[in-house]
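The chain contents come next:
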Amino acid sequence: MIILYGGIRLSVFLGDGEYKYKVVDNWAKLPENWSFMDVAGVAVNSKDEVFVFNRGLHPMIIFDIDGNYLKSWGDNLFSRPHGIHIGPDDYIYCTDDGDHTVKKISPDGKLIFQIGVPGNPSEFMSNLPFHRCTHTALCPDNNIFVSDGYGNACVHKYSPDGKLIKTFGEPGSGPGQFNLVHNIVADDDGWIYVADRENHRIQVFNTEGKYETQWNNLHRPCGLFMPRGKCPVCIVGELGPGLLVNRKYQNLGPRLSILDNNGNLITRLGGENGPGFELGQFLAPHGLSLDSKGSIYVGEVSYTNWPYSFGDEPKPKFLKTLQKLANYHSNKSKSKIIALTGSNGKTTSKELIHLVLKEKFNTISTLGNFNNHIGVPLSLLQIKEDTEFSIIELGAN
């Protein structure tokens, strides 16, 4: 849903019911002359700090949930950022498909250990770690699972200190086979969910790598996020069509799909008419995360994916690569609303009430006497999460 006034876009909402989100425009406040380029991954720690793992000059940039810049680190540490996962202890697992490594990093940016030899990939489709690994997941027992990836077709299981335990998977389209292992998450019961991108499905395994089931009716599932807790939902970032013959097809993304923990579709966000540049449209959703309020952060590899979506069309200098979808229900204000109407005296009464209440409470009121069918909705849009009283003037009509 898009709210317009006088041809000016005010708000964009995606989803419905319990899963309704307001798209936050220009959320991230970058330092001057900085840019993300592609945002390969995004993750949120226990303090609601948002870690943006990107392919610009500053590969790890951290913001608060209001988009204010906090700090950055990781310059010259990564070759090609691809995936990020933050554990319950706030330690960070960064997957770099350019140098074929997984790095465990402390919350303040210090390297703890590294799995893989930088710049030394295993033989193509050897199932030896790593050949362009893509993502990591932690089980409740702290074992580390790594999806691998572009040059392999398997998942590796490691001990918490980085020792290889086992590998499972092979190329193909059958159960337990993969056609581009692109992302991986784990739930609190220890189930492992793998984005089998070019087989258009998510496969589910136990911690020993035994195939259990698969979720279908997806299109190139690329990003995955599953919050911890009982019966969590799974958010899936789906790429749009990448072939010349189906590039203009509708209802295939790029989009987000929200599934329950049995793989049933709850709702979809965007993607009905293919990729787009407007607020609430996606180009290439790649990395996903949630904050404590249920807002979704979407990292996109818009620059890398451009030729697959747009062919030889000229690429704009700037493409959006990070979006925040604010949880509509958690951000609804608890404001008490005082509405005034009548044939005369409305504006004066409104102003007097506002003067009294604002001495003690966070208060907003209708601007001037803008009380008609346009002014009232605009007044309501002033209400913020922390607004305590709202004095709204209503025209007699």
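All values reported here derive from a predicted model rather than from experimental measurement. (Residues numbered from 1 in each chain as written. Predicted model: local features only at pLDDT ≥ 70, side-chain atom pairs only at ≥ 80, totals over all residues. Heavy atoms only, no water.)

Q: Describe the sheet that holds strand 8 (residues 81–86), with residues and values.
A: The strands that make up a sheet are held in pairs by hydrogen bonds between backbone atoms, and each pair lies either parallel or antiparallel. The four strands lie next to each other as 8-9-10-11, forming an open sheet whose pairing is antiparallel. In the strand order of this sheet, the two ends are held by strand 8 and strand 11 (111–115), each with one partner. Ignoring which end each strand starts from, the neighbouring axes of this sheet average 20° apart. Two elements, strand 8 and strand 9 (residues 92–96), share five bridges in a ladder whose sense is antiparallel. Within the sheet, the bridge partner assigned to Ile86 lies in strand 9 and is Ile92. (Pairing = 2+ DSSP bridges. Helix = DSSP H or I, 4+ residues; strand = E, 2+ residues; numbered from the N terminus. Axes fitted to C-alpha atoms, helices over the stretch in contact; angles between N-to-C directions.)

Q: Quick rundown of the pattern of salt bridges? Include the residues and the values.
A: If you walk through the whole model with that rule in mind, you get 16 salt bridges. Across the salt bridge formed by Lys110 and Asp108, the nearest N and O atoms sit 3.9 Å from each other. When its relative accessible area of 55% is taken as the criterion, Lys110 is described as exposed. Between Asp196 and Arg201 there is a salt bridge, with the nearest N and O atoms lying 2.7 Å from each other. The same class applies to Asp196 as to Arg201, namely buried. Within the structure, one salt-bridge network assembled from shared partners comprises Arg80, Asp97 and Arg132. (Salt bridge = Lys/Arg side-chain N within 4 Å of Asp/Glu carboxyl O. Buried < 20%, exposed > 50% of the residue type's maximum accessible area, 1.4 Å probe, protein only.)

Q: Got a sec to walk through the nonpolar core? Specific residues and values, please.
A: With 18 residues, the main nonpolar core has Tyr21, Leu256, Ile258, Leu269, Ile296, Val298 and Leu325 as its most contacted residues. Those elements that place two or more of their residues in this core are strand 2 (8–16), strand 3 (19–24), strand 24 (255–259), strand 26 (285–290) and strand 27 (296–300). In terms of residue count, strand 3 provides more of this core than any other element does, three residues in total. If we ignore the near neighbours within four places in the chain, the residues touching Leu256 are Val236, Gly237, Thr267, Arg268, Leu269, Phe282, Pro285, Leu288, Ile296, Val298 and Leu325. Counting 13 residues, the second largest nonpolar core, distinct from the first, contains Cys139, Ala153, Ile184 and Phe205. (Core = buried A, V, L, I, M, F, W, Y, C linked by side-chain atoms within 4.5 Å. Contact = heavy atoms within 4.5 Å.)

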